[in-house]
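# A closer look at the structure
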Amino acid sequence: MKFLWFGKKKVKKELRLEVEKEREPEEVYSVVGFTCETNPMAAAKNTQLHLEVINSLILSVLSKANSPADVAAQEFFQAHGANLLPAEGFTYSAERGYSSRVLDEKTLRTVLIGPAPVIARASTPFCSVISAAIADNPQAFVVAVDGIAYASYSITKELV
């Protein structure tokens with residue numbers, strides 16, 4: 001009786017060196033300088049919104065966009081308690097920003113997100129908190145809900 005494994009030749013194992021490939025820099029986007037005023041027109045009735053509602057309105061508009069910067073902003077607002085609300089009529093323009101109509105409970109709200117000069121033409125005068133944020137960073141986005149500016153934020157890009 002012949003055993004098959006005794007007659008087999010041993011195969012030489014090659015020594016493989018693992019060479020670590022140089023990693024390409026990766027772009028990482030993040031939201032910075034988020035400022036929110038929940039009642040920018042204290043003298044007017046029914047203009048106060050809760051922070052969670054403002055965050056949810058922003059998330060709902062940005063959920064229709066899919067650039068890496070938009071995805072980073074979506075993650076930021078989700079981490080800050082935002083919930084996705086139904087949105088319709090989404091538009092985007094590089095010069096003018098984002099706009100959409102978002103259903104908040106039973107109220108259909110018009111939400112604009114864009115550069116300060118554009119939003120200033122489509123909203124009431126900015127409150128002091130938003131004006132200070134724009135003065136610190138003129139490139140910041142301003143968020144207006146039904147013609148009132150409630151928030152401001154910027155998106156930065158880093159190579160890591």
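Residues numbered from 1 in each chain as written. Predicted model: local features only at pLDDT ≥ 70, side-chain atom pairs only at ≥ 80, totals over all residues. Heavy atoms only, no water.

### Quick look at the layout of surface pockets
One number sums up the size of the largest pocket: a volume of about 240 Å³. In terms of lining, the largest pocket is formed by 18 residues, of which the most central are Ala 69, Tyr 92, Tyr 98, Phe 141 and Ile 155. Element by element, the count of residues in the lining of the largest pocket is highest for strand 6 (residues 148-159), at 3 residues. Among the residues making up the lining of the largest pocket, the classes are represented as 11 nonpolar, 5 polar and 2 charged. In this structure, the second largest pocket occupies an estimated 170 Å³ of space. Taken together, Thr 91, Tyr 92, Ser 93, Arg 96, Gly 97, Tyr 98, Ser 99, Leu 112, Val 118, Ile 119, Arg 121 and Ala 122 make up the full set of residues lining the second largest pocket. Within the residue set of the lining of the second largest pocket, elements represented by two or more residues are strand 2 (87-93), strand 3 (97-104) and helix 3 (116-122). Considering each element in turn, the lining of the second largest pocket owes the most residues, 4 residues, to helix 3. (1 Å grid on protein atoms, 1.4 Å probe; cavity = no way out; pocket = protein on both sides within 12 Å on 5 of 7 lines; lining within 4 Å. Points joined across faces, edges and corners; volume = space filled by probe spheres on them. Helix = DSSP H or I, 4+ residues; strand = E, 2+ residues; numbered from the N terminus. Nonpolar A, V, L, I, M, F, W, Y, C, P; charged D, E, K, R; others polar.)

### With respect to the sheet that holds strand 3
The 6 strands lie next to each other as 1-6-5-4-3-2, forming an open sheet whose pairing is antiparallel. One side of each edge strand has no neighbouring strand; the edge strands of this open sheet are strand 1 (27-36) and strand 2. For this sheet, the mean angle separating the axes of adjacent strands, direction not counted, is 20°. As paired elements, strand 2 and strand 3 share 5 bridges and run antiparallel to each other. (Pairing = 2+ DSSP bridges. Axes fitted to C-alpha atoms, helices over the stretch in contact; angles between N-to-C directions.)

### What about the pairing of strand 6?
In the sheet, strand 1 pairs with strand 6 via 8 bridges, with the strands oriented antiparallel. Bridge pairing links Glu 27 to Leu 159 in strand 6. As judged from the 5 bridges shared by strand 5 (residues 141-145) and strand 6, these two strands associate in the antiparallel manner. Bridge pairing in strand 6 places Ala 144 opposite Ala 149.

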